[in-house]
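Here is what each chain is made of, one letter per residue.
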Amino acid sequence: MSFPCTELLLFNYAKVNSIFHSMAPLKGKIHGQQNLFAKYMTVQESSLKASYAVSLVKKTLSEGEIVKQCAIEMAKAFGDEKMAKNFESVSLSRRTVTRRISDIQCQVQEKLKHEMKNCKYFSITLDESTDVTDVSQLLIFARMITENFDVQEELLKMVSLHDTTKGEDIFKVVDNVVNEHGGFTKLSAVVTDGAPAMQGTKSGFAGLLQNSGFNRPVLHCIIHQEALCAKILDFSHVMNVVTKVTNLIQGGNRALNHRKFTAFLDEVSAAYGDLLIHTDIRWMSCGKCLERFFVLRTKIQVFLEDNIKSDTSAYCSKLRDPEFLCDMAFLTDITAHMNNLNTQLQGWSQTVSDVYVHMNGFQRKLNLFHYGFSSDSVNLTHFPACEEMHKDAPECEMFFAKYRKENESLQEQFKIRFQDFHVTQPRIDLFTDPLNAALSEQPGEMQLELCELRAMRGGLNFGNCYLSPVFPSLEILDS
């Protein structure tokens, strides 16, 4: 007995099965093509990433092709022809690298605008100087702080000033740049290089900023002011001899003298193998140059007498003069202290309260140095070069009293300068010493909580406590 429905089902199943088997090769070809395209896209994506990575190396644009050729040769040397072909696909021509850098610049600018517009507050730093082509370059840096007290520092822009560099020119440029990033509304302070065009209260940048409705503190860079304070020390007679002797040994076309000098220092096992050259534009080079010169003073004198053909009697007599050597010793020690302060004032993420503490600490050191050079009893604990001179020649003690006057001049300079920071001292004290900060000078929303905080000082370990649950307005002090 036949069953038509069953036969029909078997026939349809056989037909479908035949179609399925005939489609299997086509399906395999499609998957193969898809894998080929996916593999090709992966290679292209990797090639693009490699091109951007090489563009970020900060080398000249023409070096991209050199890097590519080296990578190809290395892959071939290891017998990896497949990797060599992948390296060949990386585009690193001069024009390509230029486009990559332009793309990166656009992306960074957009991200910076977003950060500036979403930050809680920001401050800017302005520095104007002239490059080797006599074009004035204005650098605009920004430091942003978020609601979570995360700090970020970035270069906003470098603008070329091809005409005048008056206060109105600088303000116009800064105004345009800052408005591109959200305006001055969130600006908290400005730090400048101290030029009249920056600090002028009428036609300078500071005055124009205030006239535009933004009364913000405009501070002179504290590192620059510290370097200006150091210039009050008039020891040009020491630096002139040090500079001339150094140039006589290794300056200009005196290569033979320099080679003989380094060989001589190596032969006598000197503490240093060479002298350093001082340049005014590098503020800290003076201290380092003096330090080496003072340590090698006896070797230098011997070398001048035995190896230099020109007349060096004037220099040799200076290097034997106790008073001159004492002047050099004092200048060596005081510039070492100034260099140490300069180093403390530098660094990433330093706040105004941090640098103000370092500056106040150095002023206290100057008070200590003042009594160290007392005519009654000389204390050279913090002046190792002077102490060495005192041990070598006890008669030098008669010269040390005059350095008290030099120390007083330096103290006076530190009192005259930094006035812009002294004005903001009450606000700085809120972060450095909140238990003793002037209450009337603090923001109104913090005054009552500061009163309660001071009442608890007897049983409060301020450094380890967490303020925000009890004093929400003082949460900023925990950051």
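Just so you know, these numbers come straight off a predicted model, no measurement behind them.

Participant: Please clarify how the sheet that holds strand 3 (residues 151-161) should be interpreted in this entry.
Facilitator: Adjacent strands of a sheet pair through backbone hydrogen bonds, lying either parallel or antiparallel. One open sheet holds the 5 strands; their spatial order is 3-2-1-4-5, and the pairing between them is mixed. Among the strands making up the open sheet, the edge pair consists of strand 3 and strand 5 (218-220). Looking at each pair of strands side by side, their axes are set apart by 20° on average, direction ignored. Its contacts with the sheet place helix 4 (residues 94-118) against strand 1 (121-130), strand 2 (136-145) and strand 3, and it is angled at close to 120° to strand 3.

Participant: Where do I start with the nonpolar core in this structure?
Facilitator: Proteins that are soluble and globular tend to have nonpolar side chains buried together. Ile-300, Leu-304, Met-328 and Phe-414 are the most contacted members of the largest nonpolar core, which totals 63 residues. Looking at this core element by element, the count peaks at 11 residues for helix 14 (residues 322-345). In this structure, Met-116, Ile-140, Phe-171 and Phe-205 belong to the second largest nonpolar core, which totals 27 residues.

Participant: Just checking my understanding: could you explain unusual backbone geometry for this structure?
Facilitator: Even without a glycine there, the phi angle at Phe-149 is positive, about 65°. Mapped onto the fold, Phe-149 is located in the loop between strand 2 and strand 3.

Participant: Sorry, what's going on with the environment of Thr-246 here?
Facilitator: Note that Thr-246 resides in helix 9 (residues 236-250). Sequence separation of Thr-246 and Ile-300 is 54 residues, and the distance between their C-alpha atoms is 9.4 Å. In this view, Thr-246 contacts Gly-251, Leu-275, Leu-276, Ile-277 and Phe-293; residues no more than four positions away in its chain are not counted.

Reading the values: rules and limits
Residues numbered from 1 in each chain as written. Predicted model: local features only at pLDDT ≥ 70, side-chain atom pairs only at ≥ 80, totals over all residues. Heavy atoms only, no water. Pairing = 2+ DSSP bridges. Helix = DSSP H or I, 4+ residues; strand = E, 2+ residues; numbered from the N terminus. Axes fitted to C-alpha atoms, helices over the stretch in contact; angles between N-to-C directions. Contact = heavy atoms within 4.5 Å. Core = buried A, V, L, I, M, F, W, Y, C linked by side-chain atoms within 4.5 Å. Buried < 20%, exposed > 50% of the residue type's maximum accessible area, 1.4 Å probe, protein only.

Function cannot be inferred from these measures alone, as they are strictly geometric.
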